[in-house]
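Remarks on the overall topology
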Amino acid sequence: MRFISVIFYFISCSYASTGENKPIQAFVIPHSHMDVGWVYTIQESMHAYAANVYTSVTEELSKVKHRKFIAVEQEFFRLWWDNVASDSHKKQVRQLVKEGRLEFILGGQVMHDEAVTDLDDEILQMTEGHGFLYDTFGVRPQFSWHVDPFGASATTPVLFALAGFNAHIISRIDYDLKDRMQQNKKLQFMWRGSSSLKEQIFTHTMDQFSYCTPSHLPFSNSSGFYWNGVVLFPDPPKDGVYPNMSLPVTKATVQAYAKTMVENIKQRAAWFKTKHVLWPWGCDKQFYNSSVQFSNMDPLMNYINQKSEEFGVTVQYATLSEYFLAVHQSDLVWEVRGSQDFLPYSTASQQAWTGFYASRNVLKGVARRASSQLHAAETLFTRYRLDYPDGPVAKDWALAKLRALRWAVSEVQHHDGITGTESPRVAEMYLQHLKQAMMGVDELLAAIFLLPHNLDVDGNNYRRTKGAHQTLEQHIIVYNPLAWNITTLVNITVTFPFARVFDDARQAVPAQIQKSALSNRTYDLFILVELGGLQHRKYLIKFSDKPCSKRSKCGDTFEAKGVPFERRSVRNRKKTARRLLPVLSETYKLMFDQDTNLLHSITYLQDKKRIRMTQDFWEYHANGDVQTGPISDNYMFSANGSAVRAYEAVQMEIIPGIVMSEIRQYFFRNESDDDYAFSVVTRVPRCFGGKVGCHRLEQTYSLGPLPINTEVIFRTSSSLKSERSLYTDDNGYQMMKRTHTEFTNNTLARNYFPMVRTAYIEDELSRLVLLSERAHGVSSQTSGQLEVMLHRRLWNNLPWNLGYNLTLNDSSVVRPTLWMMLGSKGLTSKLYQRAALELQHTPVVMVIDQPCEEEEKGFLEKEPRGSSPSRVLVLPPNLHLLSLSIPGWNYSSHHDVHLGRVHSDKHRQPEPNYDRVLLRIMHIFEEGEDPELSKPVTIHLKDVLQAVGEVSAVEERSLTGTWDVASMQRWTWKTTEDVSSRNVRSSRIEKEPFSVTISPKQIRTFFVYFKSGPRLP
Ligand SMILES: [Zn+2]
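Residues numbered from 1 in each chain as written. Predicted model: local features only at pLDDT ≥ 70, side-chain atom pairs only at ≥ 80, totals over all residues. Heavy atoms only, no water.

**Looking at the state of the cysteines**
Taken as a whole and judged by the stated rule, the model has two disulfides. Here Cys212 engages in a disulfide with Cys283; their sulfurs sit 1.9 Å apart. With the S-S bond torsion at 70°, the cross-link from Cys212 to Cys283 turns out right-handed. Note that Cys212 is positioned in the loop between β6 (201-205) and α8 (254-269) and Cys283 in strand β7 (residues 276-284), a separation of 71 residues in sequence. Assigned by exposure class, Cys212 and Cys283 land together as buried. The side chain of Cys687 participates in a disulfide bridge whose partner is Cys694; the two sulfur atoms lie 2.0 Å from each other. As the torsion about the S-S bond is roughly 100°, the Cys687-Cys694 disulfide counts as right-handed. Residue Cys687 shares its accessibility class with Cys694, and that shared class is buried. (Disulfide = S-S within 2.5 Å. Helix = DSSP H or I, 4+ residues; strand = E, 2+ residues; numbered from the N terminus. Buried < 20%, exposed > 50% of the residue type's maximum accessible area, 1.4 Å probe, protein only.)

**Quick notes on the coordination of the zinc ion**
Every protein donor of the zinc ion is listed here as His33 (NE2), Asp35 (OD), Asp148 (OD) and His415 (NE2), and their distances to the metal cover 2.0 to 2.1 Å. Coordination at the zinc ion is irregular: its four donor atoms span angles of 90 to 161° at the metal. Positions of the donor residues of the zinc ion, expressed as sequence spacing, correspond to H-x1-D-x112-D-x266-H. You can see Asp35 sitting in the loop between β1 (24-33) and α2 (42-63) and its partner His415 sitting in the loop between α13 (395-411) and α14 (424-450), a full 380 residues away along the chain. With relative accessibility at 5%, the residue Asp35 sits in the buried group. (Donors = N, O, S within 2.8 Å, 3.2 Å for Na, K, Ca; no water. Tetrahedral: all angles 85-135°; square planar, octahedral: opposite > 155°, others 65-115°.)

**Thoughts on the nonpolar core**
In this structure, Met261, Trp281, Leu300, Leu525, Ile527 and Leu875 are the most contacted members of the largest nonpolar core, which totals 171 residues. When residues in this core are grouped by element, the largest group, 15 residues, is from α14. (Core = buried A, V, L, I, M, F, W, Y, C linked by side-chain atoms within 4.5 Å.)

**Some thoughts on the packing of α13 against α14**
When two helices pack together, their arrangement is given by the angle between the helix axes and by the axis-to-axis distance. The N-to-C vectors of α13 and α14 enclose an angle of 150°; their axes lie 8 Å apart at closest approach. One element, α13, and the other, α14, form an angle in the roughly antiparallel class. Regarding α13 and α14, the two cross each other, and that crossing is left-handed. Residue-level contacts link Trp397, Ala398, Lys401, Leu402, Ala404, Leu405, Ala408, Val409 and Glu411 of α13 to Met429, Tyr430, His433, Leu434, Ala437, Met438, Gly440, Val441, Glu443, Leu444 and Ala447 of α14. Taken together, the residues that form the contact of α13 with α14 break down as 15 nonpolar, two polar and three charged. (Axes fitted to C-alpha atoms, helices over the stretch in contact; angles between N-to-C directions. Parallel < 35°, antiparallel > 145°, perpendicular 65-115°, else oblique. Left-handed = near helix turned anticlockwise from the far one by under 90°. Contact = heavy atoms within 4.5 Å. Nonpolar A, V, L, I, M, F, W, Y, C, P; charged D, E, K, R; others polar.)

Written out as structure tokens, the structure is:
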């Protein structure tokens, strides 16, 4: 039956699409692409054009009934709405939204990048925008417009499907692939972005014209279909006359404009299966002067429609939903694309956009740190609110701090933000917004921990300490933001050479102190902490100038001393591996070669498997002169030959320890240099009975400032027979297999991939995994090799780059960290996802003032042994607590009730709702990845959340919270392959109250309400 109906649909569609009489229907979608950053700061953009887009579009749409517009980036819209729009503008906007003439598309704060962003932050920035739109207008965007991100990730369609979207638009994909898809009418398809989850979404790839109308028409000496002209910075022109305004549409010119437009529509219609053409009318920074723009579009479109029979084309103002509705109603059967992504992205054979994976390493690092701090603060504030609804931490103040950081983290996800493809002063703007908001959240954390009614069982009057510790005693609070129990090391920098550490049960804690790797005047103190899920504990540190004389007074702290190894040249290293030096843990044996001071091999002891392995720094020398060949810039990577070794000599120091051992390697560019150019510190933790993640080797690198036009990689070369294939993650959500591909040109750069959290290589027996706390570019240029691009500094003479200051002359010093794991495939499969999250969400350490003596006595003597200051929230090992927060949205969960209020409201800003808790739980395994951990898991929310409070009600919601999943109806599309019913996501809470089952890679979102009043024990 299905087969027959498929044939029927093909016939009916081919009839429809070749129907002689039916004109091509062009959906003209007016839009303005507004980068939240890039060349100009947000403030500069608001002033020069962005505010004018919304002011003038609102006015122009209100004047003429059939005009329409789509609004995409919410950050600009909200800045306009909150600070610029008059009451009458607001009234007009509400009316236009109601009429469906102003349509919010995508709805995120920004159009996020897809290659170097983390899943958490993509969800956050969508949630931020969607919450505002739903609160304010009762609207829920259902279509994406991802027209500018540099390549398309397979995670994006999954997230958009989970958010309730009906269709997704992408544009920037590999030029030759797009060409083929265009020729074969395959630009549209159903995309099942996750092989485990099977969520699917109709995806439209923009054709070769992408999101801009054609410009530079032969008869118009200006900018084609843009009568706006070009934006002037810093101030808009006083007389409203912008440079480059095109010839107006008049009796004399209308025929030429119409002919060009019709030809373009027909050209594009040939690339699609239906007779509907998406004709985006707009480009970057358009419609700021929209009275001029619309007053030329109106007569031109009228003219074409008057001659539609002659032209064979009709044109109409449309929103994106109208276009997709027409395509949907054509009822065709669409091919299915699996979980492969569209990365990397090239625009021509010599233009691989793989440089930005590593551009502006500092910004990439700060953005991720800010995101983890936000996660920690959200969980803490949620617990605080439930424990002390009337506590002294003012809720409005706290929510304002959180919102500022939500906003800053959202903003930097922009496709010219975290990508590092912005001008230096815009990079500085993002950093400033992030740092300011992080300082605010720091204050919030301090308030939660230190004010009376803090989250401790016994409120002590601690004060916050900043800077170096001068006192002989110090308290710290360590908080675990993960919903798993962890045992790990925290590192704090101190100024005393010796210290003893005690936990809140008065027990001496294993610790290790040693001279700092970065400074001669400070010491690194490593403390072994054991924390339950979402638990914080206090630790007391007692410092001393001298080492303790008696063992009994030493506590459990080990004073570690370094053993130096003299500098070795690697220029003529003929004789190597004669003297190997082992560094051992219960898991690994690392061998270092004393002839070179380089790593020689690692044995993973469980399987007694030795892998030959060296690790060192190499660099690509980039070309900066466009006259002599392709250049590297902040977007593109274009190696001028293979990488060369970036050092001549290596010095080493090994610090054996009982908590962990440290190997410090310093790489000198020239044998006789005084200062090293790069360093790597490798930490090999002890296992402490298997509790510590002792399968990880932590490496922190230091590089920079680099010489101009160098791109530095850290290269691991191993004996793994990986055949140049590697695996890298899409946004920390799923792994993609990357098989090495030979191209006629630019093979090296086109085999570079983004790594957000994870990359690995493997052979039949072993796997080498790298985990990261910020994005990098990775590649495997030869078998067994994995190189990570850590830093780039470039300059070139391309006028466009120079004009916008986009050459990436980044002179910073960067200190990224990677965790390395080596083991069998089975073992690493069990460990790496969780380890990646442990690296992303390391414990929060807050140093606080020494309390007065009595309080200190109280700490050591009065507190009952073994008391744990907070109840723990622990999820099964395959489930991750993605979100636990109080969004503050004020809307009824019943859509009709909410709409009633929105439409009758006097547009007052409602009070935030502090009683609604947003909870997201994610299954971190793929189907079939592990025999046990890949199974679906059922949990009982009431039990699991007992540590937080007593649950009174739970509602399941869409990913960004705006839909009740039971009422969310996404469009169904006919496909060539059915989704097996086994994999269709169960979309409501199971029959047993509060019991939910989460399947591999599933993310489930809930609103949780707690009973107020004293909590049950
Ligand atoms: Zn853009």
